[in-house]
Structures are given as structure tokens and as C-alpha cells.
Amino acid sequence: MTWTSLLLLLVTGACLIVYFNAEKKKRLEGVRQGESVGRAAIGGPFSLTNHEGRAVTEKDFVGMWNLLYFGFTFCPDICPDELRKMAGAIEALEKKKGIKVRPIFVSVDPERDGVEQVRDYVKGFHPRMVGLTGSMDAVKAAAKQYRVYFMKTDDDKDNYLIDHSIIMYLMDPKMEFVKFFGRNHTVDSLTDGIAEEILSWEEKTK
Ligand code: NI
């Protein structure tokens, strides 16, 4: 099963919107619910730098639920929209359902997204949001682990946009993949979807 075969990619504005073929999505969800194949396919080791300038790996995120999103701070509209949605769901999960999930933003634009840039950016969305960046190689490796696509749209040194996958990844407290959420979600559906996954996970691991 290749990821490219699952995705129909459409370029809109600054970002790349990913639509999942409904049938194949169902099949993937079946895999997720049944075997470990789907889990193994997404996520894995990475070495990045957080918004406080500290070197971190995936192991630093073990012990808590995590919601990961890859984007870039100069993204004019889609990333801010998605991160506002993410922050809204994180708030709703905590306040309405008593579930704490850590929001994580991973930059796919390390050339412009230095530690300070990322720190200022994540602060604007949620006080607990973690921002990650790193060398281009480290970011590429992390993106590969999550099957995230990203590519500059032009070669202008300072003024460029980046096409990238628009997906949030829910990772369990072992940093193992549980479910992805596409751009079609609202704050409410994201909140409910995440809560449902966490409750059923807790039920299973009791
Ligand atoms: Ni974006």
C-alpha cells in the first residue's frame, strides 16, 4: 500500500489540501482498528529542536496524548486556520471533556522558521502548543516518518510559499499513531473525533 495511491492532491492557494478517497480511507481506518499495520506506517523517530531551543526526539512526547500538525509560519491562511482549529479542539477537550492533549506544530520551512520565529508563532495559538523546527535534513526526516509532503512553490530566496499536506495526527501516549484528521474537520468534529479515539483507546488498554 503506497501513500501516494491513497491521496488525491489539489493545490489551493498557499497550501496543499489533501482529500482522501472515501473508500480507501475506510479501508485504512479498518486497518487502524484491526491490525498494527496502519499504526506502524505513520510516525517514528525524529530529532528536532523545540521552541525553547532544546533538542528533542519523539521520546520527549511519550506519556501524553499528542496532536501533530506540519506547516510553516509564513503560511498566509491555511496553517493559521488549521492551528486555530487545533487550539479550539485542545481547549474544548480539556474544558468540556477533561482530556489533555498536547498540540504540536512542526515547521516544514526551517530556513525561515528559526526557534524564535516558531516560539512567537505557537504562542499566538495556544499557551501549551509546542513548536518544532530543525535542520532541513532533520525536518525532511521527520516529515517522511509521518508521510508528510512539502515542497517550495518557487525559488525566490525570501518570498516563497510551501505546498504541504494538511493533516493532523493523533498520537497516543507511546507516540504511536492512532488517527489522522483532514482539513474537512471543524473544531467540534475534531474535538469529538479525538475524544472518541481516546476513550476507546483507554477502554481497550484498561
Ligand atoms: Ni500552510
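That block above? That's the structure.
Conventions adopted
Residues numbered from 1 in each chain as written. Predicted model: local features only at pLDDT ≥ 70, side-chain atom pairs only at ≥ 80, totals over all residues. Heavy atoms only, no water. Buried < 20%, exposed > 50% of the residue type's maximum accessible area, 1.4 Å probe, protein only. Helix = DSSP H or I, 4+ residues; strand = E, 2+ residues; numbered from the N terminus. Pairing = 2+ DSSP bridges. Axes fitted to C-alpha atoms, helices over the stretch in contact; angles between N-to-C directions. Contact = heavy atoms within 4.5 Å.

Peer 1: Give me the pairing of strand S6 (residues 101-107): which residues, what numbers.
Peer 2: In summary, the side chains of a regular strand alternate between the two faces of the sheet. Counted residue by residue, S6 has seven buried out of seven residues, so it is predominantly covered. Across the two faces of S6 the burial is the same, with Val 101, Pro 103, Phe 105 and Ser 107 and Arg 102, Ile 104 and Val 106 all buried. As paired strands, strand S5 (residues 65-71) and S6 are joined by seven bridges and run parallel to one another. Bridge pairing links Phe 70 to Val 106 in S6.

Peer 1: Go over unusual backbone geometry, please, and point to the residues and values.
Peer 2: The phi angle at Arg 147 is positive, at roughly 60°, despite the residue not being glycine. Relative to the assigned elements, Arg 147 resides in the loop between helix H5 (136-145) and strand S8 (150-152). Positive phi values are uncommon outside glycine, yet Met 175 reaches one of about 65°. Accessibility expressed as a relative area gives 8% for Met 175, which makes it buried.

Peer 1: Got a sec to walk through the sheet that holds strand S3 (residues 47-50)? Specific residues and values, please.
Peer 2: The strand order across the open sheet built from seven strands is S4-S3-S7-S6-S5-S10-S11, with neighbouring strands paired in mixed fashion. The outermost strands of the open sheet, each flanked by one partner alone, are strand S4 (55-57) and strand S11 (177-181). Averaged over neighbouring strand pairs, the angle between their axes works out to 35° when direction is ignored. Bridge count between S5 and strand S10 (residues 168-171): four bridges; the pairing is antiparallel. Among the inter-strand pairings, Leu 67 is bridged to a residue of S10, identified as Leu 170. Of the strands in this sheet, S5, S6 and S10 touch helix H3 (residues 78-97), which is tilted by about 170° from S5.

All quantities given are derived from atomic positions and should not be read as evidence of function.
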